[in-house]
Structures are given as C-alpha cells and as structure tokens.
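What follows is the residue order along each chain.
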Amino acid sequence: MLVSQTFVKTRFTLVTNYLCKNHAVIVIEDLNVSGMMQNHKLAQSIADCGFYEFKRQLEYKCKKFVAKLVLADRWYPSSKTCSNCGCKKESLLLSERVYECKHCGHVIDRDLNAAINLSRLAKA
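As a starting point, this report considers the structure included with it.

Here is what the cut-offs are and how they apply
Residues numbered from 1 in each chain as written. Predicted model: local features only at pLDDT ≥ 70, side-chain atom pairs only at ≥ 80, totals over all residues. Heavy atoms only, no water. Helix = DSSP H or I, 4+ residues; strand = E, 2+ residues; numbered from the N terminus. Buried < 20%, exposed > 50% of the residue type's maximum accessible area, 1.4 Å probe, protein only. Expected span 1.5 Å × (residues − 1). Arc of directions from axis to C-beta.

A short note on unusual backbone geometry
In step 1: In this structure, V66 takes a positive phi of about 55° despite not being glycine.
In step 2: Along the chain, V66 falls in the loop between α4 (51-64) and β2 (68-72).
In step 3: The exposed category is assigned to V66, whose relative accessible area is 74%.

A closer look at α4
In step 1: Relative to the 20 Å expected for 14 residues at 1.5 Å per residue, α4 spans 20 Å between its end C-alpha atoms, a close match to the ideal helical length.
In step 2: Among all positions of α4, only E53, Q57, L58, K61 and C62 are buried. The buried residues of α4 occupy an angular sector of 155° when projected down its axis, which confines them to one face. Turned more than 90 degrees off the buried face of α4, the exposed positions are Y52 and K63.
In step 3: V66 lies just past α4 and shows a positive phi near 55°.

Comments concerning the environment of Y52
In step 1: For Y52, the location among the structural elements is in helix α4.
In step 2: The exposed category is assigned to Y52, whose relative accessible area is 63%.
In step 3: Put simply, Y52 and S78 are 26 residues apart on the chain and 20 Å apart in space, counted from C-alpha to C-alpha.

As structure tokens, this is what we get:
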C-alpha cells in the first residue's frame, strides 16, 4: 500500500510537534539507511519511511521548543546491550525479536531493550 507524501509529512509534523512540546530530551539513532536499503526485502519499506524528513523536523523543532535532541551514533549497540546488566552480545540477528541475555538471564522485547538503553544514553 502506497501512502501519499502529504499524509506522511502531516503525520511527521504532528508527531514531531508533540514530541518537542512535551519532552525535554529526545533520543534518536543515526541509522545506516543506505546500508539498510541493500536488503532488497526491506528496501521499499525503508524508502517509504522518510527517516531523513523525520530527523530534519525534529532538529529544527527541538531548537524552536528548546528541547534537547540526542543523536545516538549508528554503531551504538542499543539492541545488543542488556538493559539489565550491561553485558553486550557480539551478534544479534534481525530476526531475533526477543533479547535474551546469556549473562544474567534477562529476557525482554528487543525494541524495548534498545529503548531503555537509548534512554540511559540521554541521561549520561
């Protein structure tokens, strides 16, 4: 299903306005979009997301609404690091949707684990 450019920009505007008006600190990851585009199964979905536009709007609206934007380095291991004990996995497949720490036994949704780690990065 194709989504119109106007619809996407309107949604970005609403979401970025909400985030910048209601949060003092916002953390996003600097994703390797060109590398992700090489995965032919994901390329079209990634192209439709508009990561650059979302980031661009966040950058200028954070300045406008005096919010702090933290950009996590693209190599920051937010998904590979255990949010419970801090132990880092050497590899983590994209298909692994649940993070299981071999060190402390912590089991958590992969995206929630990354979000907790990014939140801690913002407070550092």
